[in-house]
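As a plain string of letters, each chain reads:
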Amino acid sequence: MKSKKNPQKKRKPDEDKGLVARARNGDTVAFDELVVKYTPRLYGLVYHMTSNHEDTHDVLQDVFAKAYRSLKRFQEKSTFYTWIYSISVNMTLNFLKKRGRRRTMSLDDVDMAIERDPDFIEATSKSDPVREVNITELQERLNIALQELSDDHRAVVTMFDIQGMPHAEISKILGVSEGTVRSRLFYAHRQLQNYLEEFRK
Amino acid sequence: MKSEEAEEQKYDQVEKLLHLKRYEQPPEGFYERFLDDLHDRQRVEIMQRSAWSLFWDRVETWFWGVGTRKRVYLAGLAYATVMIGLFFRVGGEDYQANNGSQGEQSTTVVYGVGSSKVPVLGDEKSSNESIVPAGIKSFLREF
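It should be emphasised that the depicted structure is a prediction, and the values quoted were computed from it without experimental measurement.

**A look at the overall build of chain A**
- Of the regular secondary structure elements, chain A holds 9 helices and 1 strand.
- Listed N to C, the secondary structure of chain A is α-α-α-α-β-α-α-α-α-α in terms of helices and strands.
- Burial analysis of chain A (201 residues in total) assigns 47% to the buried set.
- The contacts of chain A with a sequence gap of at least 6 include a subset with a gap of at least 24, amounting to 66%.

**Describing the nonpolar core**
- Grouped together as the largest cluster of nonpolar side chains are 63 residues, with contacts concentrated most on Phe31, Phe64, Phe80, Ile84, Tyr85, Met159 and Leu192 of chain A.
- It is helix 2 (residues 28-50) of chain A that contributes the most residues to this core, 11 residues altogether.
- The contact partners of phenylalanine 64 of chain A, leaving out residues within four places of it in the chain, are Phe31, Val35, Tyr38, Thr39, Leu42 and Ile84 of chain A together with Phe34 and Leu38 of chain B.

**Considerations on helix 1 (residues 17-24) of chain A**
Residues and elements named next belong to chain A.
- Buried within helix 1 we find Leu19, Val20, Ala23 and Arg24. The buried residues of helix 1 occupy one face: seen down the axis, they fall within an arc of 130°.
- A positive backbone phi angle near 100° is found at glycine 26, which sits one or two residues after helix 1.

**Brief notes about the packing of aromatic side chains**
Residue and element names in this part refer to chain A.
- Inspection of every chain in the model, using the stated rule, returns 14 aromatic pairs over all chains.
- Plain terms: the ring middles of phenylalanine 31 and tyrosine 68 are 4.9 Å apart, the flat faces sit at 70° to each other, and that makes the pair edge-to-face. Taken together, the residues span a long stretch of sequence, with phenylalanine 31 in helix 2 and tyrosine 68 in helix 3 (residues 53-70) at a distance of 37 residues.
- Judged by its relative accessible area of 1%, phenylalanine 31 is buried.
- Taking relative accessible area as the criterion, tyrosine 68 reaches 30% and is therefore assigned partly exposed.

**Here's the deal with helix 7 (residues 151-162) of chain A**
Residue and element names in this part refer to chain A.
- For helix 7, the tally of buried residues reaches 9 of 12 residues, placing the bulk of the element in the interior.
- Listing the buried residues of helix 7 in full gives His153, Arg154, Ala155, Val156, Val157, Thr158, Met159, Asp161 and Ile162.
- Glycine 164 sits one or two residues past helix 7 and shows a positive phi near 70°.

**Considerations on the packing of helix 4 (residues 80-99) of chain A against helix 7 of chain A**
Residues and elements named next belong to chain A.
- In the contact formed by helix 4 and helix 7, the axes pass within 11 Å of each other and the chain directions differ by 145°. As helix 4 packs across helix 7, the resulting crossing turns out to be right-handed. Along its contact with helix 4, which presents Tyr85, Val89, Leu93, Leu96 and Lys97, the element helix 7 presents Asp151, Asp152, Arg154, Ala155 and Met159.

**Digging into the packing of helix 3 of chain A against helix 2 (residues 30-48) of chain B**
- Where helix 3 of chain A contacts helix 2 of chain B, the axes come no closer than 10 Å and their chain directions differ by 55°. Between helix 3 of chain A and helix 2 of chain B, the interaxial angle falls into the category oblique. The two elements helix 3 of chain A and helix 2 of chain B meet at a crossing, and its hand is right-handed. Side by side, helix 3 of chain A and helix 2 of chain B meet where His57, Leu60, Gln61, Asp62, Phe64, Ala65, Tyr68 and Arg69 of chain A of the first sit next to Phe30, Phe34, Asp37, Leu38, Arg41, Gln42 and Glu45 of chain B of the second.
- Taken together, the residues of the contact of helix 3 of chain A with helix 2 of chain B sort by class into 7 nonpolar, 3 polar and 5 charged.

**Thoughts on the pattern of salt bridges**
- Summed over the entire model, instances satisfying the criterion amount to 13 salt bridges over all chains.
- Residue arginine 141 of chain A is joined to glutamate 137 of chain A by a salt bridge in which the shortest nitrogen-to-oxygen separation is 3.8 Å. Separated by 4 residues within a single helix, arginine 141 of chain A and glutamate 137 of chain A lie in helix 6 (residues 131-148), roughly one turn from each other.
- For glutamate 137 of chain A, a relative accessible area of 30% puts it in the partly exposed group.
- The shortest N-O distance in the salt bridge between aspartate 40 of chain B and arginine 43 of chain B comes to 2.8 Å. You can see aspartate 40 of chain B and its partner arginine 43 of chain B sitting in helix 2, 3 residues apart, about one turn around the helix.
- Salt bridges linked by common partners bring Asp62 and Arg69 of chain A together with Arg41 and Glu45 of chain B together as one network.

**Brief notes about the side chain of arginine 99 of chain A**
Residues and elements named next belong to chain A.
- As for its position among the elements, arginine 99 is in helix 4.
- With a relative accessible area of 14%, arginine 99 lands in the buried category.
- Separated by 3.2 Å, the side chain of arginine 99 and the backbone oxygen of threonine 50 make a polar contact.
- For arginine 99, the contacting residues outside a window of four places in its chain are Thr50, Asn52, Asp55 and Gln147.

**What to know about unusual backbone geometry**
Residue and element names in this part refer to chain A.
- Phi at serine 51 takes a positive value of approximately 55°, unusual for a residue other than glycine.
- In this fold, serine 51 is placed in the loop between helix 2 and helix 3.
- The buried category is assigned to serine 51, whose relative accessible area is 1%.
- Its identity is not glycine, yet glutamate 76 carries a phi of approximately 60°, on the positive side.
- Relative to the elements of secondary structure, glutamate 76 occurs in the loop between helix 3 and helix 4.

**Things to note about the interface of chain B and chain A**
- Tallying the contact residues gives 35 residues for chain B and 52 residues for chain A.
- For the chain B and chain A pair, buried surface summed over both sides reaches about 4100 Å², with 61% attributable to carbon and sulfur atoms.
- Considering only the surface of chain B that becomes buried against chain A, Lys21, Tyr23 and Phe34 of chain B emerge as the three largest contributors, covering 17% of it.
- In this structure, the connection of chain B to chain A is made through 2 salt bridges.
- On the surface where chain B and chain A come into contact, there are 12 residue pairs in polar contact (both at pLDDT 80 or more).

Basis of the calculations
- Residues numbered from 1 in each chain as written.
- Chains lettered and ligands numbered in written order.
- Predicted model: local features only at pLDDT ≥ 70, side-chain atom pairs only at ≥ 80, totals over all residues.
- Heavy atoms only, no water.
- Helix = DSSP H or I, 4+ residues; strand = E, 2+ residues; numbered from the N terminus.
- Buried < 20%, exposed > 50% of the residue type's maximum accessible area, 1.4 Å probe, protein only.
- Contact = heavy atoms within 4.5 Å.
- Core = buried A, V, L, I, M, F, W, Y, C linked by side-chain atoms within 4.5 Å.
- Arc of directions from axis to C-beta.
- Phe/Tyr/Trp six-rings, centres within 6.5 Å; stacked < 30°, edge-to-face > 60°.
- Axes fitted to C-alpha atoms, helices over the stretch in contact; angles between N-to-C directions.
- Left-handed = near helix turned anticlockwise from the far one by under 90°.
- Parallel < 35°, antiparallel > 145°, perpendicular 65-115°, else oblique.
- Nonpolar A, V, L, I, M, F, W, Y, C, P; charged D, E, K, R; others polar.
- Salt bridge = Lys/Arg side-chain N within 4 Å of Asp/Glu carboxyl O.
- Polar contact = N/O pair within 3.5 Å; in protein donor to acceptor, adjacent residues only side chain to side chain.
- Buried area = accessible area lost by both parts, 1.4 Å probe.

Structural data, given as C-alpha coordinates:
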(Lines give C-alpha, C1' and ligand atoms only; values in the text may rest on other atoms or scores of the structure.)
Protein backbone atom coordinates (compact mmCIF):
# COMPACT_ATOMS: atom_id res chain seq x y z
CA MET A 1 0.00 0.00 0.00
CA LYS A 2 1.49 3.31 -1.04
CA SER A 3 1.59 6.24 1.31
CA LYS A 4 2.76 9.80 0.92
CA LYS A 5 5.44 9.35 3.56
CA ASN A 6 6.81 6.10 2.23
CA PRO A 7 6.18 5.89 -1.48
CA GLN A 8 6.67 2.40 -2.74
CA LYS A 9 10.13 2.16 -4.27
CA LYS A 10 10.25 0.97 -7.84
CA ARG A 11 12.35 -2.17 -7.99
CA LYS A 12 15.00 -2.07 -10.66
CA PRO A 13 14.39 -4.81 -13.21
CA ASP A 14 16.92 -7.62 -12.85
CA GLU A 15 19.28 -7.28 -15.80
CA ASP A 16 20.13 -10.96 -15.44
CA LYS A 17 16.56 -12.23 -15.79
CA GLY A 18 17.15 -13.72 -19.23
CA LEU A 19 20.38 -15.42 -18.27
CA VAL A 20 18.88 -16.78 -15.05
CA ALA A 21 15.85 -18.18 -16.91
CA ARG A 22 18.09 -19.92 -19.42
CA ALA A 23 20.42 -21.24 -16.74
CA ARG A 24 17.44 -22.55 -14.80
CA ASN A 25 16.37 -24.53 -17.85
CA GLY A 26 19.75 -26.21 -17.97
CA ASP A 27 21.65 -23.81 -20.24
CA THR A 28 25.17 -24.12 -18.85
CA VAL A 29 26.52 -21.40 -21.16
CA ALA A 30 24.11 -18.93 -19.56
CA PHE A 31 25.27 -19.94 -16.09
CA ASP A 32 28.89 -19.58 -17.18
CA GLU A 33 28.13 -16.01 -18.26
CA LEU A 34 26.78 -15.29 -14.79
CA VAL A 35 29.91 -16.80 -13.24
CA VAL A 36 32.20 -14.69 -15.40
CA LYS A 37 30.14 -11.59 -14.66
CA TYR A 38 30.06 -11.88 -10.88
CA THR A 39 33.29 -13.63 -9.94
CA PRO A 40 35.27 -10.36 -9.75
CA ARG A 41 32.77 -8.73 -7.40
CA LEU A 42 32.42 -11.80 -5.21
CA TYR A 43 36.17 -12.34 -5.20
CA GLY A 44 36.63 -8.99 -3.45
CA LEU A 45 34.10 -9.89 -0.78
CA VAL A 46 35.54 -13.31 0.00
CA TYR A 47 39.20 -12.33 -0.26
CA HIS A 48 38.91 -9.39 2.12
CA MET A 49 37.17 -11.66 4.59
CA THR A 50 39.72 -14.48 4.37
CA SER A 51 42.95 -12.71 3.21
CA ASN A 52 43.96 -15.95 1.49
CA HIS A 53 43.88 -16.79 -2.25
CA GLU A 54 43.36 -20.54 -1.94
CA ASP A 55 40.58 -20.15 0.60
CA THR A 56 38.96 -17.52 -1.61
CA HIS A 57 39.12 -19.84 -4.62
CA ASP A 58 37.63 -22.76 -2.68
CA VAL A 59 34.83 -20.71 -1.11
CA LEU A 60 33.88 -19.16 -4.43
CA GLN A 61 33.78 -22.60 -6.06
CA ASP A 62 31.41 -23.73 -3.29
CA VAL A 63 29.28 -20.60 -3.76
CA PHE A 64 28.76 -21.10 -7.49
CA ALA A 65 28.27 -24.84 -7.15
CA LYS A 66 25.56 -24.21 -4.57
CA ALA A 67 24.02 -21.44 -6.64
CA TYR A 68 23.80 -23.78 -9.63
CA ARG A 69 22.09 -26.50 -7.59
CA SER A 70 19.69 -24.01 -5.93
CA LEU A 71 18.86 -21.99 -9.03
CA LYS A 72 15.52 -23.66 -9.58
CA ARG A 73 14.44 -22.51 -6.10
CA PHE A 74 15.50 -18.89 -6.72
CA GLN A 75 12.19 -17.03 -6.53
CA GLU A 76 13.36 -13.68 -7.94
CA LYS A 77 12.23 -11.75 -4.86
CA SER A 78 15.60 -9.99 -5.16
CA THR A 79 18.05 -9.58 -8.02
CA PHE A 80 20.28 -12.50 -8.87
CA TYR A 81 23.32 -10.52 -7.67
CA THR A 82 21.80 -9.85 -4.25
CA TRP A 83 20.84 -13.53 -3.97
CA ILE A 84 24.28 -14.86 -4.84
CA TYR A 85 25.95 -12.18 -2.72
CA SER A 86 23.94 -13.37 0.31
CA ILE A 87 25.02 -16.95 -0.40
CA SER A 88 28.64 -15.78 -0.58
CA VAL A 89 28.47 -13.90 2.73
CA ASN A 90 26.88 -16.81 4.57
CA MET A 91 29.22 -19.42 3.14
CA THR A 92 32.27 -17.26 3.89
CA LEU A 93 31.17 -16.73 7.49
CA ASN A 94 30.58 -20.48 7.89
CA PHE A 95 33.96 -21.21 6.36
CA LEU A 96 35.69 -18.78 8.73
CA LYS A 97 34.00 -20.36 11.74
CA LYS A 98 35.38 -23.75 10.69
CA ARG A 99 38.80 -22.38 9.77
CA GLY A 100 39.25 -20.66 13.12
CA ARG A 101 42.08 -18.26 13.77
CA ARG A 102 44.59 -19.86 11.40
CA ARG A 103 46.24 -16.99 9.59
CA THR A 104 47.89 -17.83 6.32
CA MET A 105 47.78 -14.55 4.52
CA SER A 106 48.41 -14.06 0.83
CA LEU A 107 48.58 -10.68 -0.82
CA ASP A 108 46.77 -9.69 -3.94
CA ASP A 109 48.29 -7.86 -6.86
CA VAL A 110 47.56 -4.15 -6.84
CA ASP A 111 46.40 -2.07 -9.74
CA MET A 112 49.11 0.53 -10.26
CA ALA A 113 46.41 3.17 -10.59
CA ILE A 114 46.61 3.25 -6.79
CA GLU A 115 49.69 5.46 -7.11
CA ARG A 116 47.51 8.25 -8.52
CA ASP A 117 44.94 7.94 -5.74
CA PRO A 118 45.10 10.99 -3.43
CA ASP A 119 44.41 8.85 -0.38
CA PHE A 120 47.37 6.63 -1.19
CA ILE A 121 49.64 9.62 -1.80
CA GLU A 122 48.58 11.09 1.52
CA ALA A 123 49.10 7.82 3.33
CA THR A 124 52.60 7.31 1.97
CA SER A 125 53.86 10.88 1.61
CA LYS A 126 55.88 10.80 4.83
CA SER A 127 57.26 7.36 4.19
CA ASP A 128 60.05 5.81 2.13
CA PRO A 129 59.89 7.04 -1.50
CA VAL A 130 60.11 3.46 -2.83
CA ARG A 131 56.40 3.12 -3.52
CA GLU A 132 56.27 -0.59 -4.20
CA VAL A 133 57.52 -1.41 -0.75
CA ASN A 134 54.93 0.87 0.74
CA ILE A 135 52.13 -0.70 -1.23
CA THR A 136 53.08 -4.11 0.11
CA GLU A 137 53.51 -2.81 3.62
CA LEU A 138 50.15 -1.06 3.42
CA GLN A 139 48.46 -4.22 2.20
CA GLU A 140 50.02 -6.33 4.95
CA ARG A 141 49.10 -3.85 7.67
CA LEU A 142 45.52 -3.59 6.47
CA ASN A 143 45.13 -7.36 6.12
CA ILE A 144 46.55 -8.01 9.58
CA ALA A 145 44.34 -5.31 11.08
CA LEU A 146 41.25 -6.72 9.36
CA GLN A 147 42.03 -10.23 10.56
CA GLU A 148 42.13 -8.92 14.13
CA LEU A 149 38.45 -8.06 13.86
CA SER A 150 35.76 -10.62 14.52
CA ASP A 151 34.20 -12.23 11.44
CA ASP A 152 30.98 -10.21 11.82
CA HIS A 153 32.82 -6.89 12.14
CA ARG A 154 35.09 -7.73 9.22
CA ALA A 155 32.03 -8.53 7.12
CA VAL A 156 30.46 -5.08 7.61
CA VAL A 157 33.78 -3.32 7.00
CA THR A 158 34.31 -5.31 3.80
CA MET A 159 30.81 -4.66 2.53
CA PHE A 160 30.62 -0.97 3.46
CA ASP A 161 34.13 0.46 3.31
CA ILE A 162 35.70 -1.74 0.62
CA GLN A 163 32.74 -2.68 -1.56
CA GLY A 164 30.74 0.52 -1.03
CA MET A 165 27.46 -1.19 -0.19
CA PRO A 166 24.78 0.96 1.54
CA HIS A 167 23.75 0.22 5.14
CA ALA A 168 20.24 -0.86 4.13
CA GLU A 169 21.49 -3.52 1.76
CA ILE A 170 24.05 -4.80 4.28
CA SER A 171 21.33 -5.13 6.90
CA LYS A 172 19.15 -7.16 4.48
CA ILE A 173 21.96 -9.48 3.54
CA LEU A 174 23.14 -10.08 7.10
CA GLY A 175 19.63 -10.24 8.50
CA VAL A 176 20.25 -7.57 11.14
CA SER A 177 18.91 -4.06 11.65
CA GLU A 178 20.57 -1.01 10.12
CA GLY A 179 21.34 0.17 13.63
CA THR A 180 23.32 -3.01 14.25
CA VAL A 181 25.23 -2.48 11.00
CA ARG A 182 26.12 1.09 12.00
CA SER A 183 27.20 0.11 15.50
CA ARG A 184 29.34 -2.76 14.19
CA LEU A 185 30.97 -0.38 11.73
CA PHE A 186 31.64 2.16 14.44
CA TYR A 187 33.21 -0.45 16.74
CA ALA A 188 35.25 -1.96 13.88
CA HIS A 189 36.62 1.44 12.86
CA ARG A 190 37.67 2.14 16.45
CA GLN A 191 39.49 -1.18 16.55
CA LEU A 192 41.16 -0.53 13.22
CA GLN A 193 42.28 2.92 14.36
CA ASN A 194 44.19 1.30 17.20
CA TYR A 195 45.73 -1.39 15.02
CA LEU A 196 46.76 1.08 12.33
CA GLU A 197 48.00 3.78 14.73
CA GLU A 198 51.64 2.97 14.16
CA PHE A 199 51.31 2.98 10.41
CA ARG A 200 49.56 6.33 10.30
CA LYS A 201 52.25 8.10 12.35
CA MET B 1 35.77 19.75 20.50
CA LYS B 2 39.42 19.30 19.49
CA SER B 3 39.47 15.69 20.64
CA GLU B 4 36.23 15.03 18.74
CA GLU B 5 37.73 16.52 15.59
CA ALA B 6 40.85 14.44 16.08
CA GLU B 7 38.72 11.31 16.48
CA GLU B 8 36.79 12.14 13.33
CA GLN B 9 40.01 12.70 11.44
CA LYS B 10 41.33 9.32 12.54
CA TYR B 11 38.01 7.73 11.50
CA ASP B 12 38.28 9.30 8.05
CA GLN B 13 41.87 8.15 7.66
CA VAL B 14 40.89 4.57 8.45
CA GLU B 15 38.11 4.78 5.86
CA LYS B 16 40.53 6.14 3.27
CA LEU B 17 42.98 3.32 3.90
CA LEU B 18 40.23 0.76 3.58
CA HIS B 19 39.08 2.33 0.29
CA LEU B 20 42.54 1.65 -1.11
CA LYS B 21 41.83 -2.09 -0.90
CA ARG B 22 39.54 -1.61 -3.92
CA TYR B 23 42.67 -1.52 -6.06
CA GLU B 24 43.60 -5.05 -5.09
CA GLN B 25 43.21 -7.74 -7.74
CA PRO B 26 43.66 -11.49 -7.78
CA PRO B 27 46.80 -13.01 -9.32
CA GLU B 28 46.98 -13.07 -13.13
CA GLY B 29 44.96 -15.86 -14.71
CA PHE B 30 42.77 -16.41 -11.67
CA TYR B 31 39.50 -15.66 -13.42
CA GLU B 32 40.43 -17.70 -16.51
CA ARG B 33 41.31 -20.75 -14.42
CA PHE B 34 38.30 -20.28 -12.13
CA LEU B 35 35.66 -21.21 -14.69
CA ASP B 36 37.63 -24.28 -15.84
CA ASP B 37 38.03 -25.39 -12.22
CA LEU B 38 34.29 -24.97 -11.66
CA HIS B 39 33.51 -27.13 -14.71
CA ASP B 40 35.89 -29.83 -13.46
CA ARG B 41 34.21 -29.78 -10.07
CA GLN B 42 30.72 -30.01 -11.55
CA ARG B 43 31.77 -32.98 -13.70
CA VAL B 44 33.07 -34.79 -10.63
CA GLU B 45 29.83 -34.04 -8.75
CA ILE B 46 27.72 -35.45 -11.58
CA MET B 47 29.83 -38.62 -11.73
CA GLN B 48 29.36 -39.13 -8.02
CA ARG B 49 25.59 -38.77 -8.07
CA SER B 50 23.30 -41.74 -8.55
CA ALA B 51 21.20 -42.12 -11.71
CA TRP B 52 18.05 -41.74 -9.61
CA SER B 53 19.35 -38.47 -8.13
CA LEU B 54 20.10 -37.11 -11.60
CA PHE B 55 16.67 -38.19 -12.89
CA TRP B 56 14.91 -36.56 -9.94
CA ASP B 57 16.98 -33.42 -10.53
CA ARG B 58 15.71 -33.25 -14.15
CA VAL B 59 12.13 -33.79 -12.96
CA GLU B 60 12.51 -30.95 -10.45
CA THR B 61 14.05 -28.68 -13.10
CA TRP B 62 11.14 -29.42 -15.44
CA PHE B 63 8.55 -28.96 -12.68
CA TRP B 64 9.86 -25.59 -11.53
CA GLY B 65 10.20 -24.57 -15.16
CA VAL B 66 6.44 -24.76 -15.87
CA GLY B 67 4.20 -21.87 -14.87
CA THR B 68 2.36 -21.69 -11.55
CA ARG B 69 -1.01 -22.52 -13.13
CA LYS B 70 0.34 -25.65 -14.73
CA ARG B 71 1.99 -26.66 -11.47
CA VAL B 72 -1.33 -26.35 -9.66
CA TYR B 73 -3.03 -28.36 -12.41
CA LEU B 74 -0.40 -31.11 -12.23
CA ALA B 75 -0.65 -31.24 -8.46
CA GLY B 76 -4.45 -31.56 -8.74
CA LEU B 77 -4.07 -34.32 -11.30
CA ALA B 78 -1.64 -36.21 -9.08
CA TYR B 79 -4.04 -35.87 -6.14
CA ALA B 80 -6.98 -37.12 -8.22
CA THR B 81 -4.94 -40.12 -9.41
CA VAL B 82 -4.04 -41.08 -5.86
CA MET B 83 -7.64 -40.70 -4.66
CA ILE B 84 -9.01 -42.83 -7.53
CA GLY B 85 -6.44 -45.49 -6.76
CA LEU B 86 -7.41 -45.50 -3.08
CA PHE B 87 -11.10 -45.61 -4.02
CA PHE B 88 -10.66 -48.76 -6.08
CA ARG B 89 -8.51 -50.42 -3.45
CA VAL B 90 -10.82 -49.67 -0.54
CA GLY B 91 -13.90 -50.55 -2.59
CA GLY B 92 -12.38 -53.94 -3.42
CA GLU B 93 -11.60 -54.76 0.18
CA ASP B 94 -15.14 -53.76 1.29
CA TYR B 95 -16.77 -55.92 -1.38
CA GLN B 96 -14.68 -58.93 -0.43
CA ALA B 97 -15.62 -58.47 3.21
CA ASN B 98 -19.38 -58.21 2.45
CA ASN B 99 -19.71 -60.99 -0.14
CA GLY B 100 -17.10 -63.56 0.79
CA SER B 101 -19.72 -66.29 1.98
CA GLN B 102 -21.72 -66.50 -1.26
CA GLY B 103 -22.11 -69.88 -3.09
CA GLU B 104 -20.29 -71.16 -6.09
CA GLN B 105 -23.00 -70.64 -8.72
CA SER B 106 -21.94 -67.45 -10.06
CA THR B 107 -19.13 -65.94 -8.26
CA THR B 108 -17.65 -62.75 -9.26
CA VAL B 109 -14.18 -62.56 -8.08
CA VAL B 110 -13.43 -59.04 -7.27
CA TYR B 111 -9.97 -57.74 -7.71
CA GLY B 112 -8.94 -54.45 -6.24
CA VAL B 113 -6.71 -52.32 -8.39
CA GLY B 114 -3.18 -53.48 -7.88
CA SER B 115 -4.24 -56.88 -6.64
CA SER B 116 -1.80 -59.68 -7.34
CA LYS B 117 -4.56 -62.27 -7.90
CA VAL B 118 -5.01 -63.17 -11.54
CA PRO B 119 -7.45 -65.80 -12.89
CA VAL B 120 -5.68 -68.81 -14.39
CA LEU B 121 -6.93 -70.22 -17.74
CA GLY B 122 -8.58 -73.65 -17.40
CA ASP B 123 -9.21 -73.19 -13.75
CA GLU B 124 -12.81 -74.35 -12.86
CA LYS B 125 -13.30 -71.66 -10.39
CA SER B 126 -12.20 -69.00 -12.72
CA SER B 127 -14.68 -70.03 -15.49
CA ASN B 128 -17.60 -68.73 -13.48
CA GLU B 129 -15.87 -65.59 -12.55
CA SER B 130 -15.80 -62.25 -14.11
CA ILE B 131 -13.05 -59.85 -13.48
CA VAL B 132 -14.60 -56.55 -12.59
CA PRO B 133 -12.97 -53.75 -10.70
CA ALA B 134 -14.64 -53.54 -7.32
CA GLY B 135 -15.27 -49.85 -7.45
CA ILE B 136 -17.11 -50.00 -10.79
CA LYS B 137 -19.20 -52.99 -9.65
CA SER B 138 -20.48 -51.23 -6.55
CA PHE B 139 -20.97 -48.02 -8.54
CA LEU B 140 -23.10 -49.84 -11.16
CA ARG B 141 -25.14 -51.60 -8.45
CA GLU B 142 -26.28 -48.26 -7.13
CA PHE B 143 -27.73 -47.29 -10.51
